[in-house]
Amino acid sequence: TASFTIAIDGPAAAGKGTLSRLIAAHYGFHHLDTGLTYRATAKALLDAGLPLDDESVAETIARNLDLSGLDRATLARHEVGEAASRIAVMPAVRRALVEAQRRFAAKLPGTVLDGRDIGTVVCPNAPVKLYVTASPEVRAKRRFDEIVAGGGSAVFDEVCADVKKRDERDMGRVDSPLRPADDAHLLDTSEMSIEAAFQAARDIIDGAL
Ligand code: C5P
C-alpha cells in the first residue's frame with residue numbers, strides 16, 4: 001500500500017505549522033515542516049562561518065542533512081529564516097532537499113508535509129493539497145503577538161514589512177515559486193480561528209480518505 005500524503009503550502013505565518021501538527025496528530029501521520037530543512041541548511045552554513053552565496057557548498061550541506069534531528073526552537077531565529085530564504089533560491093540546494101523530502105513523504109501510513117512547493121513540486125500527486133493563506137496584515141499581527149508573548153519586543157510596521165518582503169522573495173523566485181497547485185483547496189484563515197481552520201481541513205481530508 002502507498003503512503004497517503006497531505007501537502008500544505010502557504011506564505012510565512014499563515015498558520016500552516018499549527019494546522020499541520022494538528023492534522024498529523026489527528027490522523028496519526030508523520031509530519032515534516034520542510035521550512036526547517038532550509039533553515040537547518042542555512043544555520044549550518046552560518047555556524048561554520050561559510051558563505052551564503054556559494055551554491056555548491058550549500059548543496060553539500062543540504063545533501064548531508066539529517067531530517068530526524070530538526071527542531072524549530074533552535075532554528076527559529078530571524079537571521080536563520082532570512083538566510084534560509086536566500087539559499088532557497090538555489091536550484092542545487094532545492095534539488096537536494098526535495099529528494100530528502102520525497103523520501104520522507106513515502107513513510108507509512110501517511111505523511112503531512114508543509115512548506116511552499118509541496119503541492120506543486122515535491123508531491124504533485126498528493127491526494128490532498130491545502131493552500132493556507134491570510135492577509136499580510138493578519139499574518140504580521142500573529143507574528144507580532146508571538147514575539148511579544150515570548151517576551152520580545154518588535155515594531156508592528158517592521159514585522160509587516162518583513163512579512164511582505166518574505167512573500168516577494170518566495171513568490172518571485174524562478175525555481176519553485178510559492179503558488180497554489182491547480183488542484184489545491186484554498187483556506188484563507190484571515191477571519192478564522194485555528195479550530196475553524198482545523199475543522200475545514202478535516203472535512204476536506206475526510207472526503208478524500
Ligand atoms: O517556513 P519557514 O519560514 O520556516 O521557511 C524558511 C524559508 O525556507 C522560507 O522563507 C522559504 O524561502 C524557504 N522554503 C522553501 N520551500 C519550502 C519551505 C521553505 O523555499 N518548501
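Residues numbered from 1 in each chain as written. Predicted model: local features only at pLDDT ≥ 70, side-chain atom pairs only at ≥ 80, totals over all residues. Heavy atoms only, no water.

Caption draft 1: How the structure looks around the site of the ligand. Taken together, 15 residues are adjacent to the ligand, and Arg 39, Arg 72, Arg 94, Asp 117 and Asp 170 come closest. At 3.0 Å from a nitrogen atom of the ligand is found a side-chain nitrogen or oxygen belonging to Thr 34. Summarising the interface, the protein chains cover 97% of the accessible area of the ligand, which totals 450 Å² for the free molecule. Contributing elements (two or more residues each) for the shell around the ligand: helix H2 (35–47), helix H5 (78–87) and helix H9 (156–172). The element contributing the most residues to the shell around the ligand is H2, with three residues. Of the residues assigned to the shell around the ligand, the class counts are three nonpolar, four polar and eight charged. (Near = heavy atom within 4 Å. Polar contact = N/O pair within 3.5 Å; in protein donor to acceptor, adjacent residues only side chain to side chain. Areas by Shrake-Rupley, 256 points an atom, 1.4 Å probe, with all protein chains shown as cover. Helix = DSSP H or I, 4+ residues; strand = E, 2+ residues; numbered from the N terminus. Nonpolar A, V, L, I, M, F, W, Y, C, P; charged D, E, K, R; others polar.)

Caption draft 2: The arrangement of the sheet that holds strand E4 (residues 128–133) in detail. Taken in spatial order, the five strands of this open sheet run E2-E3-E1-E4-E5, and their pairing is parallel. Because the sheet does not close on itself, it has two edges, and the strands there are strand E2 (30–33) and strand E5 (185–188). Neighbour to neighbour, the strand axes of the sheet diverge by 20° on average, direction disregarded. Bridge count between strand E1 (residues 4–9) and strand E3 (residues 110–115): six bridges; the pairing is parallel. The residue bridging Ile 8 from the neighbouring strand is Asp 114, located in E3. Helix H6 (residues 91–105) contacts E1, E2 and E3 of the sheet and is inclined by roughly 150° relative to E3. (Pairing = 2+ DSSP bridges. Axes fitted to C-alpha atoms, helices over the stretch in contact; angles between N-to-C directions. Contact = heavy atoms within 4.5 Å.)

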